[in-house]
Amino acid sequence: MILDEVHRDIQKNRKRKRLGRGIGSGHGKTCGRGHKGAGSRAGHSQRPNFAGGQMPLHMKVPKRGFNNKFALTVSVVNLGQIDAAFNDGDEVTLDAMKKKNLAKGRFDVFKVLSEGDVTKKLTVSAHRFSKAAVEKIEAAGGKVVIIPGKTPVAVKQKAAKAEKKAKLAAAK
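It should be emphasised that the depicted structure is a prediction, and the values quoted were computed from it without experimental measurement.

Quick notes on the rules
- Residues numbered from 1 in each chain as written.
- Predicted model: local features only at pLDDT ≥ 70, side-chain atom pairs only at ≥ 80, totals over all residues.
- Heavy atoms only, no water.
- Helix = DSSP H or I, 4+ residues; strand = E, 2+ residues; numbered from the N terminus.
- Rg over C-alpha atoms; globule rule 2.2 N^0.38 Å.
- Buried < 20%, exposed > 50% of the residue type's maximum accessible area, 1.4 Å probe, protein only.
- Contact = heavy atoms within 4.5 Å.
- Areas by Shrake-Rupley, 256 points an atom, 1.4 Å probe, with all protein chains shown as cover.
- Expected span 1.5 Å × (residues − 1).
- Salt bridge = Lys/Arg side-chain N within 4 Å of Asp/Glu carboxyl O.
- Pairing = 2+ DSSP bridges.
- Core = buried A, V, L, I, M, F, W, Y, C linked by side-chain atoms within 4.5 Å.
- pLDDT = per-residue confidence, 0-100.
- UniProt positions renumbered as here; feature names shortened; annotations may be inferred.

Enquirer: I keep staring at the overall build of the protein chain and nothing clicks. Help me out?
Expert: Scanning the protein chain from N- to C-terminus turns up 5 helices and 6 strands. The order of helices and strands in the protein chain, counted from the N terminus, is α-β-α-β-α-β-β-β-α-β-α. Its C-alpha atoms give the protein chain a radius of gyration of 32 Å, clearly above 16 Å, the size a compact globule of 172 residues would have. Dimensions of the protein chain, computed from C-alpha atoms along their principal axes, come out at roughly 90 × 65 × 25 Å. Going through the 172 residues of the protein chain one by one, you find that 19% of them count as buried. Counting contacts in the protein chain only where the partners sit at least 6 residues apart, residues at least 24 apart contribute 42% of the total. In the structure as shown, the protein chain presents an accessible area of about 14300 Å², 53% of it carried by carbon and sulfur atoms.

Enquirer: Looking at this model, I keep getting lost on helix α5 (residues 153-171). Mind explaining?
Expert: Residue pairs spaced three or four apart in an α-helix point in one direction, given the helix's 3.6 residues per turn. In this model, α5 (19 residues) spans 27 Å end to end at C-alpha, consistent with the 27 Å of a helix rising 1.5 Å per residue. Counting buried positions along α5 gives 0 out of 19 residues, so the element sits mostly on the surface.

Enquirer: Sorry if this is basic, but what is going on with the pattern of salt bridges here?
Expert: Pairs can form between side chains of opposite charge once their charged atoms are near each other. What the rule picks out here adds up to 1 salt bridge. Here Asp117 and Lys136 are joined by a salt bridge, their closest N and O atoms 3.9 Å apart. With a gap of 19 residues between them, Asp117 in the loop between β3 (109-113) and β4 (123-126) and Lys136 in helix α4 (residues 131-139) connect regions that are remote in the sequence. For Asp117, a relative accessible area of 54% puts it in the exposed group.

Enquirer: Teacher, can you tell me more about the sheet that holds strand β1 (residues 74-78) here?
Expert: Pairing in this open sheet of 3 strands is parallel, and the strands run β1-β3-β5 from one edge to the other. Single-partner strands in this sheet number two, and they are β1 and β5 (128-129). Relative to β5, β3 is paired through 2 bridges, and the arrangement is parallel. Of the residues in β5, the one forming a bridge with Lys111 is Arg128.

Enquirer: Where do I start with the nonpolar core in this structure?
Expert: Inside soluble globular proteins, nonpolar side chains tend to come together where they are buried. In terms of nonpolar packing, the biggest core is built from 20 residues, with Ile82, Phe86, Met97, Phe110, Val112 and Val124 touching the most fellow members. Breaking this core down by element, the ones donating at least two residues are α2 (79-85), α3 (94-99), β3, β4 and α4. At 3 residues, the largest contribution of residues to this core is made by α3. Excluding its chain neighbours within four sequence positions, the residues that come into contact with Val112 are Val77, Leu79, Ile82, Val124, Ala126, Arg128, Phe129, Ser130 and Ala133.

Enquirer: What is the right way to look at the confidence of the model for the protein chain in this model?
Expert: Across the protein chain, the average pLDDT comes to 90, with 99% of residues at 70 or higher. Summarising per-element confidence for the protein chain, the mean pLDDT is lowest in α5 (90) and highest in α4 (95).

Enquirer: Help me understand the UniProt feature "domain: Large ribosomal subunit protein uL15/eL18" (unreviewed entry) in the protein chain in this model?
Expert: According to UniProt, the positions carrying the feature "domain: Large ribosomal subunit protein uL15/eL18" (unreviewed entry) are residues 76-145. Helix makes up 31% of residues 76-145 and strand 27%. Its end C-alpha atoms lie 16 Å apart.

Here it is, written out as structure tokens:
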């Protein structure tokens, strides 16, 4: 390969194709549209998934899974990671975790999980904590601060059931 071959035949501003200008142009008569049919007519457009009348692939392939568009995006971090990133007596907030690259990307809820050990006295703030994580943080002398956020549906349903029972008990 010769170095200048790389840029051969590359035109910055390509001339437009002039259609219907006689046989000699190579684009005369039917103008590259073939003979008859929908493709030869003005205004014709085809769906990107059209497979020439046969069953399209997206209809042949079985549908699987479920996507809940209302589900909250939960970002998680383990206690071991927090313990390694922060010093004794530090306040662990969402901003501090983002700076230490522990809270990545976009999320609705931030949850602390119990994997790893806590050896330092930390004040950890998050939307949710696993039970074991709370126990480990408090055992190390730290504090758990729950940030108010979007309430999970299961918690709302429990509260509604409890309220309904209370109303029924009051009515009796």
